[in-house]
Number of protein chains: 2
Amino acid sequence: MTTMDDVSRPSRVAGPDEAISQEELRLAARNHGIPLEALRYDVTPAGLHYLLIHYDIPDLDPAAHTLTVDGAVGRPLRLGLAELRERPRVTHRVTLECAGNGRALLHPRPVSQPWLVEAVGNAEWTGTPLAPLLREAGIAPDAVDVVFTGADHGVERGVEQDYQRALPLDDALRDEVLLAYAMNGAPLLPQHGAPLRLIVPGWYGMAHVKWLRTISVLTREFDGYQNAVAYRLRRDADDPGVPVTRIEPRALVRPPGFPDFMSRARVLRPGPCTVDGRAWSGHGPVVAVEVTTDGGASWSPATLDPPAGGGWSWRRWRYEWTPQPGRYALGARATDASGRTQPVEQPWNRGGFANNLVQRVDVLVVAE
Amino acid sequence: MTTMDDVSRPSRVAGPDEAISQEELRLAARNHGIPLEALRYDVTPAGLHYLLIHYDIPDLDPAAHTLTVDGAVGRPLRLGLAELRERPRVTHRVTLECAGNGRALLHPRPVSQPWLVEAVGNAEWTGTPLAPLLREAGIAPDAVDVVFTGADHGVERGVEQDYQRALPLDDALRDEVLLAYAMNGAPLLPQHGAPLRLIVPGWYGMAHVKWLRTISVLTREFDGYQNAVAYRLRRDADDPGVPVTRIEPRALVRPPGFPDFMSRARVLRPGPCTVDGRAWSGHGPVVAVEVTTDGGASWSPATLDPPAGGGWSWRRWRYEWTPQPGRYALGARATDASGRTQPVEQPWNRGGFANNLVQRVDVLVVAE
């Protein structure tokens, strides 16, 4: 007897001393984060943006690809890429972060893609706004959710599925939500959702459905796996939890000096050094960044660069530092206009989502 | 007292039960392999090619970048990118594989970048041949090695260094060795060595020096870290070992069916299925690929597609398979024209290099 449950098992939390498994390593070898030195670029170049692919990258023909809009609408639509490209075109610079970023730093560790802090990127997405298209289709007055279905197919915790995520109707109708066909001025790469994906500025990555082929309007709340089971903040397996939605504030330090190959610890010579990095939040503009060089014992304000790239793009910060020889633990803490900031205690939940605990960058300042 | 040795420790082999450490995970999160479904592309798209970056990606200005040719030459040269682009231009399609591919599957496991099987890619590299440039510089009659220095700087096992690798003069003078400034028809991406890198078809990745800025001809054997210490096949720490050079033969299976998110095990429906993948070797053309569906107990010949892309590019193979419901372990084994093939026992060495043991892809064929 062989069933899908033989290869697709329930979610779990690692034991207290359980190290990274080969399954987690396999995910880490395929999905990848931004190399932290690439925080130097305001717009992340192709191939350096983080990637999380639930199943396989599908093999889609842009010329044959269509987008269907159906469900609780007056006039179902079916559009090819050429028709989408003829519609009004906008570009938004958007910071995208995986909801699982920080997961592998949690104690105990939820077993899934084992991100440390690097599941982020900032890109320019070009496409056509979603709301006018939904309105053309004629949204039913009792519509509740809008479901986006991608072409990637797999099984997850025993549930065979195409990747599907819903947005509440009001979120789907936000002006800045895009059907994107280009990234950083070039056609979408296969791994970023070619030929068409959703962009939902301010939300964690799971909402930005890649390889998009169907949009369905529902008159009830969507109960599919990725909304009802996977992306929820739960205390334990029995907790129904609350949905993962917008990105919590976070600042990352661009590690100064040069690295040791194996430990990635940093080596720096004494003297003046500009420490910098990027900060973002999906709840509002970043209004303050503080820096620590002693692992969080004390904090100093960083200077924020003027906002660049609009309200959905990360913001550069900098901090002038003149260290003496010794060992340091650098970190940065962002606060946004909503008053949210980064915690000093880990925000543990069973899925390992939205862990915006302050990063730690070990730095050795050596005189020789 | 703080010294570089505090953060940069000697090489080691993991204990018998030692799982993946957070240091290894950090390397896995930044460096990445090819997602195995991307074996469908003969030329690997940008962002899907494997990446191994020893230190940080340097921040180089192409307009200001120069290449110096010096050492035991009659006429030292200094060239900008524009001058290199005016020289004869060639494009080679080249399969590049990291020498450490397969490391994390070894028992015991050498502790370094923890690759499974995915550290490979196949790209079109455009540039100018190296040999004419060296000849213009006037190679000394007693020249032995040619050293290539990149702009990436770090510390490794206690040795602070710019990344440097030497080739024996005869290898440096091979027609197909390139100074490359473009990949897949576009300017090099930062992570692939922009604005200039070396391409040494047939050799493992460590020879293809990225961010290239100096070429020095030596009248002695180069004794720098990456040649004399790092990339050597050693039985133990006291063994002087032999250099890692050309790529051992390997075939990879493009996993059929669809994946389970967490285990990456494959699910397939019964019925006819074309299993395919790619095979390559740096020692000679691939002349045969065999396939197993029972974890190596039995083997059947695969069909090789006609060679495409020249002698340094991987070759597609395919195998028609009609499975019944059940569990299978797929793998493929390449043999090249030199008679080399893939081992059934792990080729263990202390650095974990050139492990071309046959891949294992778990497949569940389910009727429902």
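Rules used throughout
- Residues numbered from 1 in each chain as written.
- Chains lettered and ligands numbered in written order.
- Predicted model: local features only at pLDDT ≥ 70, side-chain atom pairs only at ≥ 80, totals over all residues.
- Heavy atoms only, no water.
- UniProt positions renumbered as here; feature names shortened; annotations may be inferred.
- Domains from an automatic or database assignment.
- Contact = heavy atoms within 4.5 Å.
- Buried area = accessible area lost by both parts, 1.4 Å probe.
- Salt bridge = Lys/Arg side-chain N within 4 Å of Asp/Glu carboxyl O.
- Polar contact = N/O pair within 3.5 Å; in protein donor to acceptor, adjacent residues only side chain to side chain.
- Helix = DSSP H or I, 4+ residues; strand = E, 2+ residues; numbered from the N terminus.
- Nonpolar A, V, L, I, M, F, W, Y, C, P; charged D, E, K, R; others polar.
- Buried < 20%, exposed > 50% of the residue type's maximum accessible area, 1.4 Å probe, protein only.
- Pairing = 2+ DSSP bridges.

Chain A is annotated in an unreviewed UniProt entry as Sulfite oxidase from Micromonospora wenchangensis. The heading Cofactor (unreviewed entry) in the UniProt record of chain A holds the text "Mo-molybdopterin".

Engineer: Describe the domain arrangement of chain A, listing the residues and the values that go with them.
Structural biologist: Frequently, the measure chosen for interface size is the accessible area that the parts lose on association. Residues and elements named next belong to chain A. Examined at the domain level, chain A breaks down into domain 1 (4-243) and domain 2 (250-365). Listed by partner, the interface residues are 42 residues for domain 1 and 24 residues for domain 2. Between domain 1 and domain 2, roughly 3,000 Å² of surface is buried when both sides are summed, and carbon and sulfur atoms account for 57% of that area. Taken together, the links from domain 1 to domain 2 amount to 2 salt bridges. Linking Arg-278 and Asp-42 is a salt bridge whose minimum nitrogen-to-oxygen distance equals 2.9 Å. On inspection of domain 1 and its partner domain 2, the count reaches 16 residue pairs in polar contact (both at pLDDT 80 or more). The greatest single-element share of the side of domain 1 that touches domain 2, amounting to 4 residues, is contributed by strand 3 (residues 90-97). When the residues that make up the side of domain 1 that touches domain 2 are grouped by side-chain class, the tally is 19 nonpolar, 10 polar and 13 charged.

Engineer: How would you explain the pairing of strand 22 (residues 361-365) of chain A if you had to name every residue and give the values?
Structural biologist: Residues and elements named next belong to chain A. By the criterion of burial, strand 22 is predominantly enclosed, with 4 of the 5 residues buried. Relative to strand 22, strand 15 (residues 266-268) runs parallel, the two being bridged by 3 bridges. If you follow Arg-266 over to strand 22, its bridge partner there is Val-363. Of the pairings in the sheet, the one linking strand 21 (residues 326-336) to strand 22 comprises 5 bridges and is antiparallel in character. By the bridge assignment, Arg-327 is partnered in strand 22 with Leu-364.

Engineer: Outline the interface of chain A and chain B, listing residues and values.
Structural biologist: Residue-level contacts link 69 residues of chain A with 70 residues of chain B. Here chain A meets chain B over a buried area of about 6,300 Å², counting both sides, of which 62% is carbon and sulfur. Taken as a group, Val7(A), Phe261(A) and Met262(A) account for 13% of the area that chain A buries against chain B, more than any other trio of residues on that side. Where chain A meets chain B, there are 10 salt bridges. The partner of Arg269(A) in a salt bridge is Glu160(B), with the nearest N and O atoms 2.4 Å apart. Scanning the region where chain A abuts chain B turns up 28 residue pairs in polar contact (both at pLDDT 80 or more). For the side of chain A that touches chain B, the secondary-structure elements that each account for two or more residues are helix 1 (22-30), strand 5 (145-156), strand 14 (258-259), strand 15, strand 21 and strand 22 of chain A. Looking at which element gives the most residues to the side of chain A that touches chain B, the answer is helix 1 of chain A, with 9 residues. Here the side of chain A that touches chain B is built from residues that sort into 34 nonpolar, 15 polar and 20 charged.

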